[in-house]
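Coordinate analysis (summary)
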Amino acid sequence: MAIQWADYDLDFIRRRYDRIASLIIPFEWLLFMPTAFRRTAVERIGLTPGERVLEIGCGTGRNLPFLRDAVGPTGRVYGVDFSPGMLTRARGVVARNGWTNIQLTESDAADYRAPEPLDAVMFGLSYNTMPHHRAVLARALDLLRPGGRIVIMDAKLPPGIGGRLVLPFSIWLMKHTVLGNPHIRPWEHLAPLVDDFAMEEFLFGSYYVCRGVKRG
Ligand SMILES: C[S@@+](CC[C@H](N)C(=O)[O-])C[C@H]1O[C@@H](n2cnc3c(N)ncnc32)[C@H](O)[C@@H]1O
């Protein structure tokens, strides 16, 4: 099995997500995502009622309940995603819950502009799916107010020999599913750009949440 990763173009990625939109929950099981992972990641943002938060790559809206809970009815939750198939499902979640303070936008994340400065931005399992992730990270920091928080939550290869052993299977699986490039190490991109960088690992290092604060 190959261990190289060749980037896909944005149209290919968007079409893939349109096709797999109904499979996100089964993928969570397939990829052994810890049950409390989403809740924990949102807790690490440290949101308070009334704050404004953006999820980059909000997908079918699996993190929206936690984000909405954290900012309450007086806060605002923004979501951006470029897959109409994924967003249709997220819009269904918002409508079924009757949330009026969630605004979802169909756009490439690198082009997204929020209508107001943000207190927090989260990449929800999305950073490694974006070949232009450095540009998206720069945009995310631009959207934050000084002192705003940024969180990246995702899966990763476990450390050491375990990671090297699973790499070929991981590449194969990613190419056939969510197109996340396992060679990318987002925490190394984020750490030099923010204050108070911190990172936590879960499930033997196969999931992580890293975070930091935008410099003033
Ligand atoms: C693995 S899914 C995660 C979805 C959701 N955050 C979750 O936790 O279930 C990655 C999401 O990122 C979106 N995405 C990938 N590249 C993107 C881009 N360039 N601009 C906007 N969204 C993008 C995909 O459409 C997909 O919905």
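Predicted model, so just to flag it, every value in this text is computed and none were measured.

Brief notes about the site of the ligand
- The full set close to the ligand counts 21 residues, and Arg38, Glu55, Gly57, Asp81 and Gly124 are the nearest of them.
- In this structure, Glu55 approaches the ligand through a side-chain N or O atom, which is 2.7 Å from a nitrogen atom.
- Between Gly57 and the ligand, the recorded distance is 2.6 Å, taken from a backbone N or O atom to a nitrogen atom.
- Calculation on the ligand without its partners gives an accessible area of 590 Å², and the protein chains cover 98% of this total.
- Of the residues assigned to the shell around the ligand, the class counts are seven nonpolar, nine polar and five charged.

Side note on the UniProt feature "transmembrane region" (unreviewed entry) in the chain
- In the numbering used here, UniProt assigns the "transmembrane region" (unreviewed entry) feature to residues 20–37.
- End-to-end, the C-alpha atoms of residues 20–37 are 21 Å apart, and along that stretch the chain is 50% helix and 0% strand.

Let's talk about the side chain of Asn128
- Looking at the element boundaries, Asn128 is found in the loop between strand S4 (118–124) and helix H6 (133–143).
- Within the structure, Asn128 has its side chain in polar contact with the backbone oxygen of Asn181 (distance 2.8 Å).

What to know about the pairing of strand S3 (residues 102–106)
- In the sheet, strand S2 (residues 76–81) pairs with S3 via five bridges, with the strands oriented parallel. Following the sheet pairing, Val80 is matched in S3 by Thr105.
- In this fold, S2 hands off to helix H5 (residues 84–97), which returns the chain to S3; that crossover is right-handed.

Quick word on the packing of helix H3 (residues 37–45) against helix H4 (residues 64–71)
- Where H3 meets H4, the axes come as close as 9 Å, and the angle between the chain directions of the two elements is 35°. Like other packed secondary-structure pairs, H3 and H4 cross with a definite hand, here right-handed. Side by side, H3 and H4 meet where Arg38, Arg39, Val42 and Ile45 of the first sit next to Phe66, Leu67 and Ala70 of the second.
- When the residues that make up the contact of H3 with H4 are grouped by side-chain class, the tally is five nonpolar, no polar and two charged.

What counts, and at which threshold
- Residues numbered from 1 in each chain as written.
- Predicted model: local features only at pLDDT ≥ 70, side-chain atom pairs only at ≥ 80, totals over all residues.
- Heavy atoms only, no water.
- Near = heavy atom within 4 Å.
- Polar contact = N/O pair within 3.5 Å; in protein donor to acceptor, adjacent residues only side chain to side chain.
- Areas by Shrake-Rupley, 256 points an atom, 1.4 Å probe, with all protein chains shown as cover.
- Nonpolar A, V, L, I, M, F, W, Y, C, P; charged D, E, K, R; others polar.
- UniProt positions renumbered as here; feature names shortened; annotations may be inferred.
- Helix = DSSP H or I, 4+ residues; strand = E, 2+ residues; numbered from the N terminus.
- Pairing = 2+ DSSP bridges.
- Right-handed = clockwise from strand over helix to strand, strands pointing away.
- Axes fitted to C-alpha atoms, helices over the stretch in contact; angles between N-to-C directions.
- Left-handed = near helix turned anticlockwise from the far one by under 90°.
- Contact = heavy atoms within 4.5 Å.

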